[in-house]
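Spelled out from the first residue to the last, the chains are:
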Amino acid sequence: MKILGINAFGQNPSAALVIDGELTGFSHEERFNRLKNSHNLFPSYTITWLLNSNNLLLEDVDYIAFNWDCTKYPWKRAKQLLSTKINLSGTKNNYGKSDNSSNVYSALEYLLNYTPGNVINKIKRELRRSGHKGKIPKIEFVDHHLSHAFQAYYHSPFSDCLVLVADGHGEENCVSGYFVEDGSFKKITNYKVPYSLGWFYGGMSAYLGFYPDRDEGKLMGLAAYGKKRAAENPYLEVIDEMIKISDKEFELNPFFFKIGAKDYNYSYTNSLVKFLTAIDPELQPISVNEKVIKDGNVINKYLQEKYIDLAFAVQSKLEGALNAVISQMVDSAPFRNLAYAGGVAMNCKANRVIADHPGIDRLFVHPASSDDGSAIGAAFYIAKHFDSLRHVPLTHTQYGAGFNNDEIQKILDNCGVNYQKTNYISTDAAKLLTEGKIIGWFQGNAEMGARALGGRSILANPFESEIKNKINSNVKYREIWRPYCPSILKGNSKRYLNDSEDARFMIVADEATKEFADTAPAVVHVDNTVRPQLVDKEVLPEYGNLIEDFGHLTGHPVVLNTSFNVRGEPITNNPYDAIRTFYSTGLDALAIGDFIVKKR
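Small disclaimer: the values here were computed from a predicted structure and weren't measured. The written sequence of each chain sets the order in which its residues are numbered from 1. Only residues with pLDDT of at least 70 get local features here, since the model is predicted, and only at 80 or more are side-chain atom pairs given and counted; chain-wide, interface and lining totals rely on the full set of residues. Side-chain numbers here rest on the full set of heavy atoms in the structure, without hydrogens or water.

1. Describing the overall build of the protein
Thought 1: The secondary structure listing takes helices from DSSP runs of H or I that are at least 4 residues long and strands from runs of E that are at least 2 residues long, numbered from the N terminus. Along the backbone of the protein there are 20 helices and 24 strands.
Thought 2: For the protein, the spread of C-alpha atoms along the principal axes amounts to about 65 × 65 × 45 Å.
Thought 3: Each residue is placed in one exposure class: buried if its accessible area under a 1.4 Å probe, protein chains only, is under 20% of its type's maximum, exposed if it is over 50%, and partly exposed if it falls in between. Buried positions account for 60% of the 600 residues belonging to the protein.
Thought 4: Here, two residues are considered to be in contact whenever any of their heavy atoms come within 4.5 Å of each other. Considering only residue pairs separated by 6 or more positions, the protein has 71% of its internal contacts joining residues 24 or more positions apart.
Thought 5: Where accessible areas are quoted, they stem from the Shrake-Rupley method and a 1.4 Å probe; at the residue level, only the protein chains shown are allowed to cover. If you sum the accessible surface of the protein, you get close to 23800 Å²; carbon and sulfur atoms cover 48% of it.
Thought 6: None of His or the chain ends enter the tally, which takes Lys and Arg as positive and Asp and Glu as negative. The atoms used to mark charge sites are NZ of Lys, CZ of Arg, CG of Asp and CD of Glu. Of the charged side chains in the protein, 66 are positive and 69 negative, and the gap between their average positions amounts to 3 Å.

2. Remarks on the nonpolar core
Thought 1: Here the nonpolar core consists of buried residues drawn from Ala, Val, Leu, Ile, Met, Phe, Trp, Tyr and Cys, with membership extended through side-chain atoms lying within 4.5 Å. Formed by 104 residues in total, the largest nonpolar core has its most connected members in Met204, Met242 and Leu322.
Thought 2: By residue number, the principal contributor to this core is helix H11 (residues 305-332), which donates 12 residues.
Thought 3: Among residues more than four places away in sequence, those in contact with leucine 322 are Leu164, Ala166, Leu197, Tyr340, Val344, Ala350 and Ile354.
Thought 4: Membership of the second largest hydrophobic core comes to 36 residues, among which are Phe442, Ile458, Leu497 and Ala520.

3. A short note on the packing of aromatic side chains
Thought 1: Aromatic contacts are taken between Phe, Tyr and Trp rings whose centres are within 6.5 Å, Trp giving its six-membered ring; a plane angle under 30 degrees counts as stacked, one over 60 as edge-to-face, and the others as tilted. This model, assessed by the stated rule, comprises 30 aromatic pairs.
Thought 2: Consider the rings of tryptophan 68 and tyrosine 114, whose centres lie 5.6 Å apart with planes at 35 degrees: the pair is tilted. Taken together, the positions of tryptophan 68 in the loop between strand E4 (63-66) and helix H3 (75-83) and tyrosine 114 in the loop between helix H4 (101-113) and helix H5 (116-129) put the pair 46 residues apart, joining distant regions of the chain.
Thought 3: Owing to a relative accessible area of 9%, tryptophan 68 belongs among the buried residues under this scheme.

4. Considerations on the pattern of salt bridges
Thought 1: We define a salt bridge as a side-chain nitrogen of Lys or Arg found within 4 Å of a carboxyl oxygen belonging to Asp or Glu. For the structure shown, the criterion picks out 28 salt bridges.
Thought 2: With a closest N to O distance of 3.0 Å, arginine 229 and aspartate 309 form a salt bridge. Residue arginine 229 is located in the loop between helix H8 (216-223) and helix H9 (235-238), and its partner aspartate 309 is located in helix H11; the two are separated by 80 residues in the primary sequence. With respect to class, arginine 229 is no different from aspartate 309; both count as buried.
Thought 3: A salt bridge links lysine 537 to glutamate 548, with the nearest nitrogen and oxygen atoms 2.9 Å apart.

5. Here's the deal with the packing of helix H15 (residues 425-434) against helix H19 (residues 541-554)
Thought 1: At their nearest, the axes of H15 and H19 sit 8 Å apart, and the two run at 45 degrees to each other. The pairing of H15 with H19 is recorded here as oblique in orientation. Of the two possible hands of crossing, H15 and H19 adopt the one that is right-handed. Across the interface between the two elements, Ile425, Ser426, Thr427, Ala429, Ala430, Lys431, Leu433 and Thr434 of H15 pack against Glu542, Asn545, Leu546, Asp549, Phe550, Leu553 and Thr554 of H19. What counts as an axis is a line fitted to C-alpha atoms, over the stretch in contact for a helix, and the angles between N-to-C directions run from 0 to 180 degrees. Orientation is classified from the angle alone, with under 35 degrees giving roughly parallel, over 145 giving roughly antiparallel, 65 to 115 giving roughly perpendicular, and any other angle giving oblique. In a left-handed crossing the near helix is turned counterclockwise from the far helix by less than a right angle, and in a right-handed crossing that turn is clockwise.

6. A short note on helix H12 (residues 348-355)
Thought 1: Of all eight residues in H12, six are buried; the element is thus mostly enclosed.
Thought 2: Within H12, burial applies to Cys348, Ala350, Asn351, Arg352, Ile354 and Ala355.
Thought 3: On the buried face of H12, the contacting elements are H8, H11, strand E13 (337-341), strand E14 (362-365) and strand E19 (510-511).

7. Here's the deal with helix H16 (residues 467-476)
Thought 1: Inspection of H16 places Ile467, Lys468, Ile471, Asn472, Val475 and Lys476 among the buried residues, and these make up the whole buried set. Taken around the axis of H16, the buried residues stretch over an arc of 135 degrees, which confines them to a single face.
Thought 2: In this structure, the buried side of H16 is in contact with strand E17 (456-460) and strand E22 (558-563).
Thought 3: Downstream of H16 by a residue or two, tyrosine 477 has a phi angle that is positive, lying close to 55 degrees. Working note: the arc is built from the helix axis to C-beta atom directions.

8. Thoughts on the sheet that holds strand E16 (residues 439-442)
Consider a sheet: its strands pair through backbone hydrogen bonds, and that pairing is either parallel or antiparallel.
Thought 1: A pair of strands is considered paired only if DSSP assigns at least 2 bridges between the two. An order of E15-E24-E23-E16-E17-E22-E18-E21 is seen for the eight strands of this open sheet, with the pairing classed as mixed. For this open sheet the edge positions go to strand E15 (420-421) and strand E21 (533-535), each flanked by a neighbour on one side alone.
Thought 2: Sheet topology note: the strand E18 (residues 485-489)/E22 ladder contains four bridges and is antiparallel. Residue pairing in the sheet places serine 487 in a bridge with valine 559 of E22.
Thought 3: Sheet strands in contact with helix H14 (residues 405-414) are strand E23 (589-592) and strand E24 (595-598), and its direction is about 25 degrees off that of E24.
Thought 4: Seen against the sheet, H15 touches E16, E17, E22, E23 and E24 and runs at an angle of roughly 160 degrees to E16.

9. Topic: the packing of H14 against helix H20 (residues 575-583)
Thought 1: Their axes nearest at 10 Å, the elements H14 and H20 cross at an angle of 45 degrees. Regarding the angle of H14 to H20, the classification is oblique. Crossing angle aside, the handedness with which H14 passes H20 is right-handed. Each of Ile408, Ile411, Leu412 and Asn414 in H14 lies in contact with H20, whose residues at this interface are Pro575, Tyr576 and Ile579.
Thought 2: Charged means Asp, Glu, Lys or Arg here, nonpolar means Ala, Val, Leu, Ile, Met, Phe, Trp, Tyr, Cys or Pro, and polar covers whatever is left, Gly included. Its residues assigned to classes, the contact of H14 with H20 shows six nonpolar, one polar and no charged.

10. Thoughts on the pairing of strand E11 (residues 291-294)
Thought 1: Sheet topology note: the E11/strand E12 (residues 297-300) ladder contains four bridges and is antiparallel. For isoleucine 293, the partnering residue across the bridge sits in E12 and is valine 298.
Thought 2: Counting the residues that bridge the hairpin from E11 to E12 gives two residues, and of these aspartate 295 lies at a positive phi of roughly 50 degrees.

11. Digging into unusual backbone geometry
Thought 1: Of note, the bond from tyrosine 73 into proline 74 is cis; its omega dihedral lies within 30 degrees of zero at 0 degrees.
Thought 2: Structurally, the position occupied by proline 74 is in the loop between E4 and H3.
Thought 3: Of note, asparagine 12 is a non-glycine position whose phi angle comes to about 45 degrees, a positive value.
Thought 4: Positive phi is not limited to glycine here, since tyrosine 477 has a value of about 55 degrees.
Thought 5: Structurally, tyrosine 477 can be placed in the loop between H16 and E18.
Thought 6: Using a relative accessible area of 38% as the deciding quantity, one classes tyrosine 477 as partly exposed.

Printed below as a string of structure tokens:
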């Protein structure tokens, strides 16, 4: 049986192909159309690639699995929204009672947009527009949080475990907790709309001048700079007005984020501005790329101490809320292993807090935890209910587009690029790194998720003193304060990390050892955290060989690894993307297939 899972008309459109109960291909629409995130679009190019690369026509597909249960629209969802009681116990002010007419209109528009007939017609139109002929497969709707739960569980190494889903929202849920025994799911906790940790964190990201639903990782990185002032942070108590946390639950005030007039940004309300500026009149919301002058230098406004402290408080509250949810879950089920997905699961620092929870033995976080990965889970759900589904633990993320040497050489020739063919691509690339070169690494298939993990990477020597500034300024063109991540050869983690034993996907933070922090500050953040990838040579042989060769030459089997793109662009997908990015940045060399390209 062939099942096409799709995530469309929302965040990070994507598609997955499951054949005979196992994932055979997955990618993001942005990788093909080159539009960052591609919000609200349909994964046309991705579906075409999936079908063509498997020699299939659309009519060969048995089912299309859509990662949203539209059968709940409009009446079931309207009933749930009308019956929701907003609980604001213990808060000093009841913000947001005015300006509700716009909320009613938005709610009606939202409910009607997701009716089954409307969504089915949109999918059919987009498939035809993409050039697919013949019979359109039956379209099945799958609950959004169950889609996330299925992707997390069936790619995890656990047979029986807890499963947590936390994101902006599904149809009616924002946080869902399950325990799974022999593939049978039982819900044990949930927080319904509008009690959303994703909305809380996304709204505060927008307040600090970042793009919501895209740049939440920047808030996480910024928060680390507030650690040294944590004891004096004035906002930790203040944010109790937004989100109150007890031992086993949290309570969010939604009037700050979704319910009320939004004159500044769709992710937070005027009430949030009123609340924060009442505390400090200068704590105004920041516009994107807003600058100020500090000590004679022009800096991003969010780099002022008050905004850094606010970011630290937001990150701390997110971690506390997740900790409370985990405490409730471990008290409700006999399992101590946890599989986790949903947009909130992309927060590596919070994932470390979950991993350290005394009730959790092992944690698996899906590397494509955002809505993009739920296309996989939707296909898994349909496979289980109409065919069969294999429980295959995820060992790598390279399910995207791939190119053989003949295809790569043809493109290099077509672009008029000078290159050298080598039989030792890993060794040659490792030598370039020891010479201080920054290289583009294009090998095998493209990765799923937001992290480059040895398929489409930019690599450098993490032990070179100025390498972080050089990459930020000359290659990635991104904020100078942001650190990079290390790829470490499996078996060497204890030398560099305090805890991680199986951190394959750069999605759970760890503490650096003193040696690592002292010698490789480019990949260790200001709060001594690291976002590592442990590379198994048996799974990723070419990349593993490179790191091993680099270790032989330097004494450290560790390389700096960041995604092969520049700020604001998707990760490179095909050789043309790689060549264009190589020649438009300060990269020194490109290792693409068995070919080395250097600049004159």
